[in-house]
Amino acid sequence: PYDLAVAWADVTWMPPDPVLDAIARRVPVWNIDCRDISKRTVDATMREVFGYGAEVDPTTYRGVCAVKTDENARGRGSVVTAPIAAAEPGYVYQRYVECTEQGRTVNYRVPAVAGTIPLCYVLGREPAVTHLKTDATDCRLTDADALFSHDEQARILDLCNRMALDFGELDVLRSDDDGRIYVIDVNKTPAGMGIAYRHRWSPAQRREALQRLSAAFGA
């Protein structure tokens, strides 16, 4: 017996699943309709909600670009200077968003649980030179109010709602250039600060994160 199920699959495009469809007729299945978390879909949804996005045409854009596979969580990404002769198939090109705190490169990992943001992770990173995915240096937990305005939080949750993300995590950057936030990735198989960075956050931080996430989950 169970009261809730989660559509849990480490894939960017999730096809319908007859087993989950049958379960959904009896109990809620979180993320069952979150079937596309490709970077192009995330950016298109962000444009609907925020009125702007990160993706650019690398053949006409002038400046530094982040190059990533359209598929979620694949590869380390790279940095190029546009314009370039032609875009590589299967890749997306985004304006490079520099997000720093007191001169240190950071990114924000934002859990979303049933329409709430129970906490945020601030992950310090080595600066990107050739690859976007650099080593973590440290992390801290904080409240959403410390990072985002109420309007920004409402828009983040609206984006989650439009993508049918009931339970997941978003990668968000605040641009040093224009002060706006950019939702770069949507992840429907969340793992806190990430297994790869397990040595960068303490047992006390893990306990606090689990307590906050559990409270949001139970509500």
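My aim in this report is to walk through the structure given alongside it, one point at a time. Counting of residues starts from 1 at the beginning of each chain's written sequence and follows it residue by residue. Side-chain atom pairs in this predicted model are given and counted only at pLDDT of 80 or more, local residue features only at pLDDT of at least 70, and totals for whole chains, interfaces and linings cover all residues. Processing note: side-chain calculations cover all non-hydrogen atoms of the structure and skip hydrogens and water entirely.

So, on to the packing of helix α2 (residues 39–50) against helix α3 (residues 150–162). Lines are fitted to the C-alpha atoms to define the axes, a helix being fitted only along its stretch in contact, and any angle between axes, read from their N-to-C directions, falls within 0 to 180 degrees. In this description a helix means any DSSP run of H or I spanning at least four residues, a strand means any run of E spanning at least two, and both kinds are numbered starting from the N terminus. Remark: α2 packs on α3, axes separated minimally by 9 Å, with the N-to-C direction vectors making an angle of 130 degrees. Relative to α3, α2 is oriented oblique. In this structure, α2 crosses over α3, and the sense of that crossing is right-handed. Packed against α2, whose contacting residues are Val42, Thr45, Met46, Glu48, Val49 and Phe50, the element α3 presents Glu152, Arg155, Ile156, Asp158, Leu159 and Arg162 at the interface. Amino acid classes used here: Ala, Val, Leu, Ile, Met, Phe, Trp, Tyr, Cys and Pro are nonpolar; Asp, Glu, Lys and Arg are charged; the rest, including Gly, are polar. Partitioning the contact of α2 with α3 into residue classes produces 6 nonpolar, 1 polar and 5 charged. For classification, angles of less than 35 degrees are called roughly parallel, those exceeding 145 degrees roughly antiparallel, those between 65 and 115 degrees roughly perpendicular, and all remaining angles oblique. Note on convention: the crossing is left-handed when the near helix lies turned anticlockwise from the far helix by less than a right angle, right-handed when the turn is clockwise. Contact criterion: two residues are considered in contact whenever any of their non-hydrogen atoms come within 4.5 Å of each other.

In this analysis, the expected span of each helix is defined as 1.5 Å times one less than the number of residues it contains. Between its terminal C-alpha atoms α2 stretches 16 Å, which fits the 16 Å expected from 12 residues at 1.5 Å a residue. Each residue's exposure class comes from its accessible area (1.4 Å probe, protein chains only) as a fraction of the maximum for that residue type: buried when under 20%, exposed when over 50%, partly exposed otherwise. Every buried residue of α2 is listed here: Lys39, Val42, Asp43, Thr45, Met46, Val49 and Phe50. Projected down its long axis, α2 carries its buried residues within an arc of 165 degrees, all on one side. Each element contacted by the buried residues of α2 is listed here: β3 (63–69), β5 (91–95), α3 and β11 (181–187). The arc in question is the one traced by the directions running from the helix axis out to the C-beta atoms.

Here the focus is the nonpolar core. In this structure, Phe50, Tyr108, Phe148, Leu159, Leu170, Val183 and Val186 are the most contacted members of the largest nonpolar core, which totals 34 residues. With 5 residues, β11 is the single largest residue contributor to this core. In contact with valine 186, other than residues within four places in its own chain, are Ile37, Val42, Asn72, Leu159, Met163, Leu165, Glu169 and Leu170. For the purposes of this section, nonpolar cores are sets of buried Ala, Val, Leu, Ile, Met, Phe, Trp, Tyr and Cys residues that join through side-chain atoms within 4.5 Å.

A separate point is unusual backbone geometry. Going from alanine 82 to proline 83, the amide bond is cis rather than trans, its omega being 10 degrees. With respect to the helices, strands and loops of the structure, proline 83 is situated in the loop between β4 (78–82) and β5. With phi around 70 degrees, asparagine 31 is a residue other than glycine that occupies positive phi space. Among the secondary structure elements, asparagine 31 is positioned in the loop between β2 (29–30) and α2.

Oppositely charged side chains may form a pair once their charged atoms are brought near each other. Only one rule defines a salt bridge in this text: a Lys or Arg side-chain nitrogen within 4 Å of an Asp or Glu carboxyl oxygen. Scanning the entire structure with this criterion turns up 17 salt bridges. Among the ionic pairs, glutamate 48 bridges to arginine 162, the shortest N-O distance being 3.3 Å. Placement of glutamate 48 in helix α2 and of arginine 162 in helix α3 is noted, with a sequence separation of 114 residues between them. Ionic contacts of the salt-bridge type, sharing partners, join the residues Arg95, Asp177, Asp178 and Arg180 into one network.

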